[in-house]
Structure formats: structure tokens, C-alpha cells
Amino acid sequence: QVQLVESGGGLVQPGGTMRLSCTPSGNIFDFYAMGWYRQAPGKQRELVASVTIAGGDTNYADSVKGRFTISRDNAKNTVSLRMSFLKPEDTAVYYCYGKTFHPVSGRTDHWGQGTQVTVSS
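The numbers attached to residues start from 1 for each chain and follow its sequence in the written order. Two thresholds apply to this predicted model, a pLDDT of at least 70 for residue-level local features and 80 or more for giving and counting side-chain atom pairs, whereas whole-chain, interface and lining totals are computed over all residues. To get the side-chain values, take all heavy atoms of the structure and skip hydrogens and water.

### Regarding the state of the cysteines
Each disulfide consists of one covalent bond between the sulfur atoms belonging to two cysteines. The criterion for a disulfide is a pair of cysteine sulfur atoms lying within 2.5 Å. Taken as a whole and judged by the stated rule, the model has one disulfide. With a sulfur-sulfur separation of 1.9 Å, Cys22 is cross-linked through a disulfide to Cys96. The S-S bond linking Cys22 to Cys96 shows a torsion near -80°; that makes this disulfide left-handed. Residue Cys22 is located in strand β3 (residues 18-24), and its partner Cys96 is located in strand β9 (residues 92-102); the two are separated by 74 residues in the primary sequence. Each member of the pair Cys22 and Cys96 is classed as buried. Per the convention used, a helix needs a DSSP run of H or I reaching at least four residues, while a strand needs a run of E reaching at least two, with both numbered from the N terminus. Three exposure classes are used, based on accessible area relative to the maximum for each residue type with a 1.4 Å probe and protein chains only: buried under 20%, partly exposed in between, and exposed over 50%.

### Quick look at the side chain of Arg38
Looking at where Arg38 falls in the secondary structure, it is placed in strand β4 (residues 33-39). You can call Arg38 buried: its relative accessible area is 6%. Side chain to side chain, Arg38 and Ser63 meet in a polar contact 3.4 Å long. In protein, a polar contact means a hydrogen-donor-capable atom and an acceptor-capable atom, both N or O and within 3.5 Å, with residues adjacent in sequence counting only if both atoms are side-chain atoms; elsewhere, any N or O pair within 3.5 Å suffices. Polar contacts involving the side chain of Arg38 include one to the side chain of Tyr94, which spans 2.9 Å.

### Re the nonpolar core
We call a set of buried residues a nonpolar core when its members are Ala, Val, Leu, Ile, Met, Phe, Trp, Tyr or Cys and they connect through side-chain atoms within 4.5 Å of each other. Counting residues in each nonpolar core, the largest one holds 28 residues, and the members touching the most others are Met34, Trp36, Leu81, Met83 and Tyr94. The set of elements that each furnish at least two residues to this core consists of β3, β4, β5 (46-52), β7 (68-73), β8 (78-83), β9 and β11 (115-119). For Tyr94, the residues in contact, after removing those within four places along its chain, are Glu6, Leu20, Trp36, Tyr37, Arg38, Val48, Phe68, Leu81, Met83, Gly114, Thr115 and Val117. Whether two residues are in contact is decided by their heavy atoms, any of which lying within 4.5 Å being enough.

### A look at the pattern of salt bridges
Here, a salt bridge means any side-chain nitrogen of Lys or Arg that lies within 4 Å of a carboxyl oxygen of Asp or Glu. This model, assessed by the stated rule, comprises five salt bridges. A salt bridge links Arg38 to Asp90, with the shortest nitrogen-to-oxygen separation between them at 3.0 Å. One end of the pair, Arg38, is in strand β4; the other, Asp90, is in the loop between β8 and β9, with 52 residues separating them in the sequence. The pair Arg38 / Asp90 is uniform in exposure class, with both members buried. Salt bridges sharing partners connect three or more residues here, namely Arg38, Glu46, Arg67 and Asp90.

### Quick look at the pairing of β5
A regular strand carries its side chains on alternate faces of the sheet. Only strands joined by at least two bridges in the DSSP assignment are considered to pair. As defined by bridge partners, β4 adjoins β5 across six bridges and the pair is classed as antiparallel. Its bridge partner being in β5, Ala33 is matched across the sheet by Thr52. The hairpin formed by β4 and β5 contains six residues between the paired strands, and Gly42 there has a positive phi angle of roughly 75°. Judged from the three bridges that link them, β5 and strand β6 (residues 58-60) form a sheet pairing that is antiparallel. Paired with Val51 across the strands is Thr58, a residue of β6. In this antiparallel pair of consecutive strands, β5 and β6, the connection spans five residues, and Gly56 shows a positive phi of 75°.

See the structure below:
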């Protein structure tokens, strides 16, 4: 069973910077895309950023464009999310996800346990 292990998260002041990392239990090339969702209290889970593993193509939510950067390091088997100029509204549980494709079972979404990010003074 695929596991996604997240690191990072915690408390940061508004305007600060934080990095989240996600490492799969297998090989990063088992996925065709990875990224991060977040869910704030009382809100739906929303896509924050994603990256394709082969080509490195990225996609961002409008609310984080210019502030967040997603990257993958294939050699380190890790996907990272660098978050800058953090705002209180960025406070949420951040979930790493990965998408795989199998010729028989089709597409599958895999999820990490989630890590809390709190932006507060």
C-alpha cells in the first residue's frame, strides 16, 4: 500500500515562510502527478498546487500564485511546497496527494495524513 509521509507544518507568523515536504513509500515515478490540498475548518478541501512528475508542469490555486512554489526532486524522491508571504487565511490542514495509474485498476488517489499549518501572530 502506498504511503505518503509529510513533514513540515506548525506555527508561523503572518508574512513568514514555511516548507512542506512529502515523500512516498515507493518511487516517485510511480506517480504521474503529486501535490497538496488544504482544508480549513468549515471549508471544503481545495487544491493548492500540483506538479507532474515526468515533466514538472505546475498548477496553482489563484489564492497562492506568486507566494507558493511546488517542486519535485526526483533524486531525493520528494515533492516540496515552499510557502512565502503567509497569511492567516492560509491556516489549514495541508494534505499531500499523489495520483497513480494502473492499466487494470485505473487511476487512484493516495493521501497523506495531513499536517497543520497555522499562520498567526
